[in-house]
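The primary structure of each chain is shown beneath.
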Amino acid sequence: MRRFVALQLGVTALFAALVLVVFGGGDEPAARWWVALALFALVLVAGAWVARSWSRPAPLAPDDPDPRDTALRRLSSHIARAFLVLEVPLVISAVLGLAGLIGGGVMLVTVVAALAALVFGTWPTRSNVDRFAAALEQGGASSGLREAFGR
C-alpha cells in the first residue's frame, strides 16, 4: 500500500515539476493572483473532504468471510479516490497554464499546496489507518488493518 502511495506521489510531483518548468518564467500574464487564491481554496476544500473521509467508510458486514481482504480493498479504493480528488486543482492549474491564463508563479502556489495535501491526505499514517479501521469495525467485524500495517 505504501509503495503505491509513494509511487503516486512521485509521479504527481514529477508532473507538477514538469508543468512548472514548462509554464514557469518571468512574464506572468496579468499576475492573476486571484486565480492562485481560488485554486488554493479548491485545494483546501479537497483536503478537508479527504481528511473527513478517512473516518466515514461504511462498516464491514459482520458475516464477511474475509474482512481483512475487504478492508484492504476498501482502503485502496479510498486512497485512489483521495488522489483523484486532491489532483483536481493540479489538473485545473495545468489546463489554465496551457490556455495561457496563468503562469508559473501562480501555478507554484497551487502545486505546493496540492502536493502537501496529497502527502498528508493519502499517506496511510497511524492516525488515518486507525480512523479508517474504527469506522469499518463499527458493525462488530474486525478489519485487521492495524495488524496489516504493523500496529
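The structure under discussion appears in the preceding block.
The model shown is predicted, which means the values in this text are computed figures rather than measured ones.

Reading guide: rules and limits
- Residues numbered from 1 in each chain as written.
- Predicted model: local features only at pLDDT ≥ 70, side-chain atom pairs only at ≥ 80, totals over all residues.
- Heavy atoms only, no water.
- Core = buried A, V, L, I, M, F, W, Y, C linked by side-chain atoms within 4.5 Å.
- Buried < 20%, exposed > 50% of the residue type's maximum accessible area, 1.4 Å probe, protein only.
- Helix = DSSP H or I, 4+ residues; strand = E, 2+ residues; numbered from the N terminus.
- Contact = heavy atoms within 4.5 Å.
- Patch = residues over 30% accessible without salt bridge, like charges linked within 9 Å, V, L, I, M, F, W, Y side chains within 5 Å.
- Areas by Shrake-Rupley, 256 points an atom, 1.4 Å probe, with all protein chains shown as cover.
- Salt bridge = Lys/Arg side-chain N within 4 Å of Asp/Glu carboxyl O.
- Expected span 1.5 Å × (residues − 1).
- Bend = angle between axes of the 7 residues up to and from the residue.

**Q** Help me out: how do you make sense of the nonpolar core in this one?
**A** Note that soluble globular proteins tend to have their nonpolar side chains buried in a common cluster. Within the largest apolar cluster, 27 residues are counted, with the highest numbers of intra-cluster contacts made by Leu75 and Leu145. Broken down by element, the residue count for this core peaks at seven residues, all from helix α3 (residues 67-98). Once residues lying within four places of it in the same chain are set aside, the contact partners of Leu75 are Met1, Trp54, Phe132, Leu145 and Phe149. With eight residues, the next largest nonpolar core counts Val19, Ala94, Val106 and Met107 among its residues.

**Q** Is there a simple way to think about a nonpolar patch on the surface in this case?
**A** On the surface, Trp33, Phe40, Leu44 and Val109 cluster together into a nonpolar patch covering about 360 Å² of accessible area. For the nonpolar patch, the element with the most residues is helix α2 (residues 33-53), which contributes three residues. If you trace the backbone, Trp33 turns up in helix α2.

**Q** What should I look at first to understand α3 in this one?
**A** Residues that lie three or four places apart on an α-helix share one face, since the helix turns once every 3.6 residues. The end-to-end C-alpha distance of α3 is 46 Å, a good match for the 46 Å that 32 residues give at a rise of 1.5 Å each. The sharpest bend along α3 measures roughly 35 degrees and falls at Glu87, with the proline Pro89 sitting one to four residues further on. Taken from the residues just after α3, Gly100 is the one with a positive phi, measuring 80 degrees.

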